[in-house]
Every structure is written in C-alpha cells, then in structure tokens.
Amino acid sequence: VTGVQTCALPISVKIAKCESGLIVDIQSRHQLSYGREESYGLFQLHAKAWDKKAKELGYGDYRTSPRDNIDMARWIYVQSGKKWTPWSCWTKKMI
C-alpha cells in the first residue's frame with residue numbers, strides 16, 4: 001500500500017469520505033472572506049498551508065492527482081505525530 005499506512009487505512013478512508021465525499025478532483029465549496037476556500041482533492045488539502053511543501057516533496061499535482069493528494073496527506077499525517085488533527089472532520093468529531 002502506498003500513501004497512508006495500512007494500520008491507518010480505515011480511519012484515512014473515513015477522513016477522505018468526510019472531507020471530500022471521495023470525489024478525487026473536488027475543490028472545497030466553502031466561501032470564506034477572501035473567496036472560495038482553496039482546499040483540494042480527497043483529503044481537502046489547503047493550498048495556502050501546503051502548496052509550497054507539496055511542490056518541495058514532489059507532490060505538486062495534489063490538487064488534481066489522487067496519488068499526490070494521498071501521498072501529501074500521508075506526509076502531513078506523519079509530520080503531525082501520526083495524528084489526524086490537521087483535518088477538520090477529525091477535530092470536529094464528524095467521523
């Protein structure tokens with residue numbers, strides 16, 4: 001399995017389903033003060049927070065590529081101490 005580790009797989013699928021409805025090329029529909037929220041893909045990765053790092057890591061297509069989105073989500077998960085706290089569906093207890 002590439003991307004999210006096997007032991008985290010059931011939760012990761014729930015996170016992705018909550019965040020995006022499992023629609024691989026979705027952009028958030030939330031309207032914020034500056035306009036449409038710039039979160040993309042299965043894991044709704046926020047461009048303002050992750051775009052630069054995604055490009056540095058070689059996941060520059062995370063907005064449209066499911067593989068890059070998943071791999072970037074895995075990187076964020078690992079960097080967060082293997083916690084799902086960067087995702088609002090987790091912190092708001094929506095899953």
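If you're wondering where the values come from, they're calculated on a predicted model, not measured in any experiment.

Basis of the calculations
Residues numbered from 1 in each chain as written. Predicted model: local features only at pLDDT ≥ 70, side-chain atom pairs only at ≥ 80, totals over all residues. Heavy atoms only, no water. Buried < 20%, exposed > 50% of the residue type's maximum accessible area, 1.4 Å probe, protein only. Helix = DSSP H or I, 4+ residues; strand = E, 2+ residues; numbered from the N terminus. Patch = residues over 30% accessible without salt bridge, like charges linked within 9 Å, V, L, I, M, F, W, Y side chains within 5 Å. Areas by Shrake-Rupley, 256 points an atom, 1.4 Å probe, with all protein chains shown as cover. Salt bridge = Lys/Arg side-chain N within 4 Å of Asp/Glu carboxyl O. Phe/Tyr/Trp six-rings, centres within 6.5 Å; stacked < 30°, edge-to-face > 60°.

**Section: unusual backbone geometry**
Most of the time, phi is negative for any residue but glycine, and the peptide bond is trans. Phi angles above zero are rare outside glycine, and Leu22 is one such case at about 65°. Given the relative accessible area of 42%, Leu22 is considered partly exposed.

**Let's talk about the environment of Val13**
Tracing the sequence through the fold places Val13 in helix 1 (residues 9-20). Exposure remark for Val13: the relative accessible area of 41% places this residue in the partly exposed category. Taking C-alpha positions, Val13 is 9.3 Å from Phe43, a pair spaced 30 residues apart along the chain.

**Some remarks on a nonpolar patch on the surface**
A contiguous nonpolar surface patch, about 360 Å² in accessible area, is contributed by Ile11, Trp90, Met94 and Ile95. Tracing the backbone through its elements, the reader meets Ile11 in helix 1.

**Observations regarding the packing of aromatic side chains**
Each aromatic ring pair is described using two quantities: the centre-to-centre distance and the angle formed by the ring planes. Summed over the entire model, instances satisfying the criterion amount to four aromatic pairs. Judged by centre distance (6.0 Å) and plane angle (65°), the ring pair of Phe43 and Trp87 falls under edge-to-face. Residue Phe43 is found in the loop between strand 3 (39-40) and strand 4 (45-46), and its partner Trp87 is found in the loop between helix 3 (66-79) and helix 4 (88-91); the two are separated by 44 residues along the sequence. Pairing Trp50 with Trp75 gives two aromatic rings, centres 6.2 Å apart and planes at 80°, and the pair type is edge-to-face. Taken together, the positions of Trp50 in helix 2 (residues 47-57) and Trp75 in helix 3 put the pair 25 residues apart, joining distant regions of the chain. By the ring-pair criterion, three or more aromatic residues cluster together here, those being Phe43, Tyr77, Trp84 and Trp87.

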